[in-house]
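# Report on the structure
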Amino acid sequence: MPLRPARRRRHTLRTALIALATATAAALCAAPPAAAADTWTEVGSDRADPLTESQGLASIEVPANSANRYTGIGTIPFGVSIRGWNHVGDPDASYDGYYVEPYQRDSGTSKMYRVQAPGGAWSEYVHALGPGEALNNSWVAIAPGGQWMLTGEWGTMTRLIVLPTPGVNPGTSPSANLPQASTVRLDRPVRDVQGCDFTGPTTLLCSSDDPAGTLFGMTKPLLRIDLSAEPGGSGDVDGRVTALRQLPLRSSCSGSFETEGIDYDRRTGTLRVIVVSPGFCVLTDSKTYRFTR
């Protein structure tokens, strides 16, 4: 017997709801939550020297068997510091061996990037601040393609800045301004990011020194930023921010910890993050923590 109109509508609605529920369940199984899909577990730590290993770190692929590099106030060359560049941030290295350190000074209208080529020669590139750009220069993250790099600003920010990688991108020169190429527009604010590193063409892991915990429900978070496209000079891209976990806060002293630089070594799959201990313990138990997925 054919369905009456009212029963036919109920039957159609019930069929649609079943189909929707089935599709939703399949989607949830195929795409687990970001935190579940990217869990980083602590596997060890090393003492971080407060003078030479307290700001940043980078794994070096070229030349082969190179030691990891660290930055701190004790690694700033005298000839650089006497010109006012008195702070060095978290560095990075391209896959073909260009090593970049970010520098800032207490005042002025520019930032500086010090670059070591694979052959060992050093050069300096200066970036003039754009409208509204903060003076601090906490970190650089070179994209896997090598031609472009990201840098960030202190405070609560909704963007990352894209620059051509000095010494690698053919459009750069030590005698010319290093210009902003584009912007990464974040879908939610981040605070006091101290370092970022690429884990893939469009994925970053970042260490945040956020002391308040109001943005993600935790202080000092490890963040992941998923980009809508590879960053470059052809236009802005979007970034989706996810908090993955709180970074370790362990010390014999009580007080305020400071998270610093971050490095991802694609050869071993090891993530390393520096956390500086409070008070006197900055000298004794500051750590570089190691994580794996």
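Residues numbered from 1 in each chain as written. Predicted model: local features only at pLDDT ≥ 70, side-chain atom pairs only at ≥ 80, totals over all residues. Heavy atoms only, no water.

## Regarding the sheet that holds strand E17 (residues 258-265)
Rule in force here: Pairing between strands requires that DSSP locate at least two bridges from one strand to the other. A run of DSSP states H or I qualifies as a helix once it reaches four residues; a run of E qualifies as a strand once it reaches two. Both are numbered from the N-terminal end. Convention adopted: a line fitted to C-alpha atoms gives each axis, helices being fitted over their contacting stretch, and angles between N-to-C directions are expressed from 0 to 180 degrees.
Strand order across the open sheet formed by four strands is E1-E19-E18-E17, with antiparallel pairing between neighbours. Across the chains shown, the open sheet's two edge strands, defined by having one partner strand only, are strand E1 (41-47) and E17. Shown here is a sheet whose adjacent strand axes are inclined to one another by a mean of 25 degrees, direction ignored. As judged from the six bridges shared by E17 and strand E18 (residues 270-276), these two strands associate in the antiparallel manner. When the sheet's bridge partners are listed, Glu258 is paired in E18 with Val276.

## With respect to the confidence of the model for the protein chain
The condition that has to hold: For every residue, the predictor reports its confidence as pLDDT, a number between 0 and 100. Only heavy atoms enter the contact rule, under which two residues are in contact if any of them lie within 4.5 Å.
Looking at the protein chain, pLDDT values average 91 and 87% of them are 70 or higher. Contacts of residues 1-36 to residues separated by more than four positions or lying in other chains number seven contacts, the stretch itself having pLDDT below 50.

## Considerations on the environment of Ala143
Its location among the elements puts Ala143 in the loop between strand E9 (140-142) and strand E10 (148-151). Considered as a pair, Ala143 and Leu204 are 61 residues apart in the sequence and their alpha carbons are 9.3 Å apart. Once residues within four sequence positions are removed from consideration, Ala143 is found in contact with Trp148, Met149, Phe198 and Pro231.

## Overview of the pattern of salt bridges
Our working rule: Here, a salt bridge means any Lys or Arg side-chain nitrogen found within 4 Å of an Asp or Glu carboxyl oxygen. Relative accessible area decides the class of each residue, using a 1.4 Å probe on protein chains only: under 20% of the type maximum gives buried, over 50% gives exposed, and in between gives partly exposed.
Considering all chains together, one arrives at 18 salt bridges under this definition. Here Asp38 ties to Arg224 by a salt bridge, and the two come within 3.2 Å at their closest N and O atoms. Placement of Asp38 in the loop between helix H2 (34-37) and E1 and of Arg224 in strand E15 (residues 221-227) is noted, with a sequence separation of 186 residues between them. In terms of burial, Asp38 and Arg224 fall into one category: buried. Among the ionic pairs, Lys220 bridges to Asp209, the shortest N-O distance being 2.8 Å. A residue pair is termed long-range when its members are at least 10 positions apart, and Lys220 in the loop between strand E14 (203-208) and E15 and Asp209 in the loop between E14 and E15 qualify at eleven residues.

## Comments concerning the packing of aromatic side chains
Put simply, the rule is: Planes of paired rings set the category: under 30 degrees apart is stacked, over 60 is edge-to-face and the rest tilted, where pairs are Phe, Tyr or Trp rings (Trp by its six-membered ring) whose centres lie within 6.5 Å. Geometrically, a charge over a ring is one whose NZ (Lys) or CZ (Arg) sits within 6 Å of the ring centre while staying within 35 degrees of the ring normal.
Tallied over the entire structure, the rule returns two aromatic pairs. Aromatic side chains Trp40 and Tyr264 sit 6.0 Å apart centroid to centroid with 85 degrees between the ring planes, which places their arrangement in the edge-to-face category. Highlighted residues: Trp40 in the loop between H2 and E1 and Tyr264 in strand E17, separated in sequence by 224 residues. Here Tyr264 falls in the buried class, since its relative accessible area comes to 13%. Here Arg114 stacks its cationic end above the ring of Trp122, 3.7 Å away from the centre of that ring. The ring of Tyr95 carries the charged tip of Arg266 above its face, separated from the ring centre by 3.5 Å.

## Concerning the state of the cysteines
So the rule is basically this: In this description, a disulfide is simply a cysteine sulfur pair whose atoms lie within 2.5 Å.
Taken as a whole and assessed by the stated rule, the structure comprises two disulfides. Covalently, Cys196 is tied to Cys206 through a disulfide, its sulfur atoms 2.0 Å apart. The disulfide joining Cys196 to Cys206 has a torsion of about 110 degrees about its S-S bond and is therefore right-handed. Here Cys206 lies in strand E14 and Cys196 lies in strand E13 (residues 193-200), a separation of ten residues in the sequence. The pair formed by Cys196 and Cys206 is uniform in burial state, with each residue classed as buried. One disulfide in the model links Cys253 with Cys281; its S-S distance is 2.0 Å. An S-S torsion of about 70 degrees defines the bridge between Cys253 and Cys281 as right-handed.

## Topic: unusual backbone geometry
Between Val62 and the following residue, Pro63, the backbone shows a cis peptide bond with an omega angle of 0 degrees. By the secondary structure assignment, Pro63 is in the loop between strand E2 (56-58) and strand E3 (69-71). A positive phi angle, close to 50 degrees, is found at Asp192, a residue other than glycine. Checked against the element boundaries, Asp192 lands in the loop between strand E12 (182-191) and E13. The exposure class of Asp192 is buried, given its relative accessible area of 9%. Positive phi values are uncommon outside glycine, yet Lys220 reaches one of about 50 degrees. Note on Lys220: relative accessible area 7%, which makes it buried.

## With respect to the pairing of strand E6 (residues 99-104)
Burial analysis of E6 places six of its six residues in the buried class, which makes it a mostly covered element. Of the two faces of E6, both are covered, the one formed by Tyr99, Glu101 and Tyr103 as well as the one formed by Val100, Pro102 and Gln104. Taken together, the two bridges between strand E4 (residues 87-88) and E6 define a ladder with antiparallel strand orientation. Pairing of His87 across the sheet is with Gln104, part of E6.

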